[in-house]
Amino acid sequence: MNTERIVKLTPQAIQELLDSRAQPDEPAPPRGRRRADRWAFPGTVEVWLPDECYGERHILATLHNLSQHGLALRTRRPIPTDTRISLAIHEPYLSCYGHGVVRHCTRAANSYLVGVEFMFYPEEEEDEDQF
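Note that the structure is predicted; figures quoted are calculated from it, not measured. (Residues numbered from 1 in each chain as written. Predicted model: local features only at pLDDT ≥ 70, side-chain atom pairs only at ≥ 80, totals over all residues. Heavy atoms only, no water.)

**Some points on the overall build of the protein chain**
Put simply, the rule is: Starting at the N terminus, helices and strands are each numbered in turn, a helix being any DSSP run of H or I of at least four residues and a strand any DSSP run of E of at least two. Type-normalised accessible area, obtained with a 1.4 Å probe on protein chains alone, sets the label of each residue: buried when under 20%, exposed when over 50%, and partly exposed for intermediate values. The method behind every accessible area is Shrake-Rupley, applied with a 1.4 Å probe, and residues are considered shielded solely by the protein chains displayed.
From N to C terminus, the protein chain includes two helices and seven strands. Listing every helix and strand of the protein chain by position from the N terminus yields β-α-β-β-β-β-β-β-α. Taken over 131 residues, the protein chain has a buried fraction of 37%. Accessible area for the protein chain stands at about 8000 Å²; split by element, carbon and sulfur atoms hold 49% of it.

This is the structure:
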């Protein structure tokens, strides 16, 4: 992996990722009931699942969109709602790693659309939590 920086998933790191793809005159998509705008953000996200999910601990998923509070990704298998996951988003200049919780999982044509809410930890808790 050729990445300039690897950092914890923080609101600042997410903003840096969003800013890297922002188009100056691009309007934000409709927010609906969401707390923050979400932006199309194609890419790859690594996901680490708990043991109770199929016994498959590590998967690669397609990143669909990104916001300050979460992301949507596409997978071949469903991930149950309320599952805590570890994840990593990789871009050439920045990789972010952290945790999230699955808020919804919807069947699509050939995949599942999974909504994940980020879980940001204070420094002392992050150090105790293994990735």
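That covers the picture; the talk isn't over yet.
**Quick word on the environment of Phe 120**
As for its placement among the helices and strands, Phe 120 is situated in the loop between β7 (112–119) and α2 (123–128). In this structure Phe 120 comes out as partly exposed when scored by relative accessible area, which is 34%. Spatially, the C-alpha atom of Phe 120 lies 6.4 Å from that of Thr 10, the residues being 110 residues apart in sequence.

**Quick word on the packing of aromatic side chains**
Basically, it comes down to this: Aromatic pairs are defined between Phe, Tyr and Trp rings, using the six-membered ring for Trp, whenever the two ring centres lie within 6.5 Å; interplanar angles under 30 degrees are classed as stacked, those over 60 as edge-to-face, and all others as tilted.
In total, this model carries one aromatic pair according to the counting rule given. Where Phe 118 meets Phe 120, the ring centres are 5.9 Å apart and the plane angle is 55°; that geometry is what we call tilted.

**As for the pattern of salt bridges**
Filter applied, for reference: The working definition used for a salt bridge is a side-chain nitrogen of Lys or Arg within 4 Å of a carboxyl oxygen of Asp or Glu.
Under the defined criterion, the tally for this structure stands at four salt bridges. The salt bridge involving Asp 82 is made with Arg 103; its shortest N-O contact spans 3.5 Å. Residue Asp 82 is located in the loop between β4 (70–75) and β5 (84–91), and its partner Arg 103 is located in strand β6 (residues 94–107); the two are separated by 21 residues in the primary sequence. Asp 82 gets classed as exposed once you look at its relative accessible area, which sits at 53%.

**Focus on the confidence of the model for the protein chain**
The condition is simple: You can read pLDDT as the predictor saying how much it trusts each residue, on a scale of 0 to 100. Note on contacts: a residue pair is in contact if any heavy atoms of the two residues lie within 4.5 Å.
Residues of the protein chain with pLDDT of at least 70 account for 76%, and the chain-wide mean is 82. The element-level mean pLDDT for the protein chain is lowest in α2, coming to 50, with β7 highest at 95. Here residues 126–131 is a poorly scored stretch, pLDDT under 50, and it has 14 contacts once near neighbours within four places are set aside; other chains count.

**Considering the environment of Arg 103**
Put simply, the rule reads: A 3.5 Å cut-off defines polar contacts: any pair of N or O atoms within that distance qualifies, except that in protein one atom must be a possible hydrogen donor and the other a possible acceptor, and neighbouring residues in sequence count only when both atoms are side-chain atoms.
Judged by its relative accessible area of 44%, Arg 103 falls in the partly exposed class. Measuring from C-alpha to C-alpha, the distance between Arg 103 and Arg 84 comes to 9.7 Å, with 19 residues separating the pair along the chain. In this structure, Arg 103 is in contact with Thr 81, Asp 82, Gly 115 and Glu 117, ignoring residues within four places of it in sequence. Engagement of the side chain of Arg 103 in a polar contact is seen with the side chain of Glu 117, the distance being 2.7 Å.

**Quick notes on the side chain of Ser 86**
Residue position: Ser 86 is located in strand β5. Assessed through its relative accessible area of 11%, Ser 86 is described here as buried. Among the polar contacts listed, one links the side chain of Ser 86 to the side chain of His 99, at a separation of 3.1 Å.

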